[in-house]
Amino acid sequence: MSDFLLQLGQNAQARRVIKALGLPVPIPQSLARARGPWEERPLADRTIVLGGLGTGRMAAPLARMLAEAGADPVVIGDGAALAAFQAPGEAFGRPARAAQLGELPADKVHGVVFDASELAEPAALRALYEHFHALAPKLAANGRAVVIGRPTATARGAVEAATRAALEGFVRSLAKELGKRGATAQLLVVDDGAEDRAAGVLRFVLSPRSAFVTAQPIHVSLTAAGKAVTGGVRSLEGKVALVTGAARGIGEATAQLLSAEGAHVVCLDRPDDDALVSKVARDLGGSVLLVDITAADAPAKIAAELKQRHGGVDIVVHNAGVTRDKTIGNMSAEQWEQAVDINLGAVTRITTALLGGVLRDGGRIVCLSSVAGIAGNVGQTNYAASKSGIIGYVEKLAPELAPRGITVNAIAPGFIETRLTAAIPVMIREAGRRLSALGQGGLPQDVGEAICFLSQPAAVGVTGNTLRVCGGALIGA
Ligand code: NAD
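The model shown is predicted, which means the values in this text are computed figures rather than measured ones.

S.K.: Honestly, the sheet that holds strand 11 (residues 313-318) in this entry has me stumped. Any pointers?
M.R.: To summarise the sheet geometry, strands pair through backbone hydrogen bonds and adopt either a parallel or an antiparallel arrangement. Strand order in the open sheet formed by seven strands is 10-9-8-11-12-13-14, and the pairing between neighbours is parallel. The open sheet is flanked by strand 10 (287-290) and strand 14 (466-469), the only strands paired with a single partner. Averaged over all adjacent pairs, the angle separating strand axes in this sheet is 20 degrees, with direction ignored. Pairing geometry for strand 9 (residues 264-269) and strand 10, over four bridges, is parallel. Along strand 10, the bridge assignment pairs D269 with L290.

S.K.: Even after reading the chapter, I still don't get the site of the ligand, so can you show me in this structure?
M.R.: Neighbouring residues of the ligand: 30 residues in total, closest R248, D269, N319, Y383 and T418. I250 has a polar backbone atom sitting 2.8 Å from an oxygen atom of the ligand. At 2.9 Å from an oxygen atom of the ligand is found a main-chain nitrogen or oxygen belonging to I416. Coverage of the ligand by the protein chains reaches 98% of its 830 Å² of free accessible surface. Contributing elements (two or more residues each) for the shell around the ligand: helix 8 (249-260), strand 9, helix 13 (381-401) and helix 14 (419-422). Tallying contributions element by element places helix 14 first for the shell around the ligand, with three residues. Among the residues forming the shell around the ligand, the class breakdown is 14 nonpolar, nine polar and seven charged.

S.K.: What exactly am I supposed to notice about the side chain of E261 here?
M.R.: Mapped onto the elements, E261 comes out in the loop between helix 8 and strand 9. Among buried charged residues, E261 stands out as having no salt bridge; its nearest opposite-charge side chain is R209, 4.7 Å away.

S.K.: Just checking my understanding: could you explain the nonpolar core for this structure?
M.R.: A general trend in soluble globular proteins is that nonpolar side chains are found buried together. The biggest cluster of nonpolar side chains holds 70 residues, and the ones touching the most others in it are L66 and I411. A total of seven residues in this core trace back to one element, the largest contributor, which is helix 7 (residues 195-206). Each of domain 2 (34-220) and domain 3 (240-469) gives at least three residues to this core. Excluding anything up to four places from it in sequence, L66 contacts L43, I48, L50, A71, P73, F85 and L206. Residues A298, I342, A346 and L397 belong to the second largest nonpolar core, which totals 34 residues.

S.K.: Can you walk me through the packing of helix 3 (residues 59-68) against helix 4 (residues 82-91) in this structure?
M.R.: Packed helix pairs are specified by the crossing angle of their axes together with the interaxial distance, meaning the distance between the axes. Relative orientation of the contacting elements helix 3 and helix 4 amounts to 30 degrees, with a least axis distance of 8 Å. Classified by the angle between their axes, helix 3 and helix 4 sit roughly parallel to one another. At the point where helix 3 passes helix 4, the crossing takes the right-handed sense. Along the contact surface, helix 3 presents A59, A60, A63, R64, L66 and A67, while helix 4 presents A84, F85, P88 and G89. Here the contact of helix 3 with helix 4 is composed, by residue class, of eight nonpolar, one polar and one charged.

Quick notes on the rules
- Residues numbered from 1 in each chain as written.
- Predicted model: local features only at pLDDT ≥ 70, side-chain atom pairs only at ≥ 80, totals over all residues.
- Heavy atoms only, no water.
- Pairing = 2+ DSSP bridges.
- Helix = DSSP H or I, 4+ residues; strand = E, 2+ residues; numbered from the N terminus.
- Axes fitted to C-alpha atoms, helices over the stretch in contact; angles between N-to-C directions.
- Near = heavy atom within 4 Å.
- Polar contact = N/O pair within 3.5 Å; in protein donor to acceptor, adjacent residues only side chain to side chain.
- Areas by Shrake-Rupley, 256 points an atom, 1.4 Å probe, with all protein chains shown as cover.
- Nonpolar A, V, L, I, M, F, W, Y, C, P; charged D, E, K, R; others polar.
- Buried < 20%, exposed > 50% of the residue type's maximum accessible area, 1.4 Å probe, protein only.
- Lys, Arg positive; Asp, Glu negative; His and termini not counted.
- Salt bridge = Lys/Arg side-chain N within 4 Å of Asp/Glu carboxyl O.
- Core = buried A, V, L, I, M, F, W, Y, C linked by side-chain atoms within 4.5 Å.
- Domains from an automatic or database assignment.
- Contact = heavy atoms within 4.5 Å.
- Parallel < 35°, antiparallel > 145°, perpendicular 65-115°, else oblique.
- Left-handed = near helix turned anticlockwise from the far one by under 90°.

What follows is the structure, given as structure tokens:
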């Protein structure tokens, strides 16, 4: 289905007429998205302005990642932080430039990063204000703002914890201000010692692959065993991925993206969807698995297929899901059962079966939740219960599987343009699109990109998280 306002905004003449007439029509910015697989230099020639680095431990991994990714870094400050940029800058022929806030380039900048990880008291937050006060107006359409902080749990006292917590409110508000330009803002909450792992996450959030991810903290930890990897091309070469519900929508987009990074994708869907899912698998040289995930023998069947035909599995994407909307008094037991069993029960049973020697060490589990699981929705007690259940599931499972280097995360999509949302009444659908910082619905590709990122070696620092892909939904985020 098409988004009329987005189409209107792509017509320069229509945009001019709306502006000239002063009409109160909020035309959303069309989002710049990546095409094709991850490139060697995803930030090629993008100006990224960095501040607050001081002597902080983030400077060195950041400098390396930006040089490798082809960015053009500008470091604000007295030059002390520039030292970290020198060696990688020379190695990749991309020397960083130093600048003061008052003497920035006149051109728009692609990215603005502020390292707030050393801030310890409220008055120090002033530096954050000054950085974004000067730079937010300079951020280009589809630009990226990132703040780096530390967890409140490890603060040395309540005052430091308050300062760290302040960063979240700042970023969520900034995201809402930047959204109409198609720009995003995130907070990376980095555990002590996890700085190298944060660089890989930063590469994703600065890239066009995070087009619909905004207004949220992403926790980067040392929890899962494994070494920090920043990026790389075809990083899923040799891996086997299972995607449930791969016949259409988010599952289909995810299967395509995982395959483009080199994975062999096993595309699972219901036997009724044989034709559709077979076409998806054929087009990307993957395999087909026809199973109803709620069938009693489904976990054993899936485990046996993956073990016997593929020797095991490395990436499991629990994407299959349904809505069975009714207010609680009108909901049949069958509607309750279906939503809870497909979206949650089957996920837990299949995961348990795969953990019995099928999912390999260093593996990745990604489960589809929803912003409905965070905020709740009228008519979705069953769906929201299943989707918040997923959040609790990944939080508990992540530390259990961490010693094996397996990460477990949830993705919470907001309003995504699929048949699931096409079925929503028109006015509610319109509200779902507009009530977000970016003022539009996301595409299945946006969710697929986030799933694909979490499946990569570069995401070893992210586990037990719920990553929202919701364009900064104003409700429930
Ligand atoms: P979709 O309806 O387009 O696709 C879901 C797929 O799951 C279908 O191909 C379907 O056949 C399959 N499936 C359903 N029950 C199954 C079963 N018992 N066994 C095997 N396969 C089964 O949905 P979508 O919009 O692509 O959603 C994918 C996931 O994302 C779901 O978990 C959904 O809850 C979640 N989600 C979607 C949105 C959105 O806006 N579209 C928002 C939040 C969360």
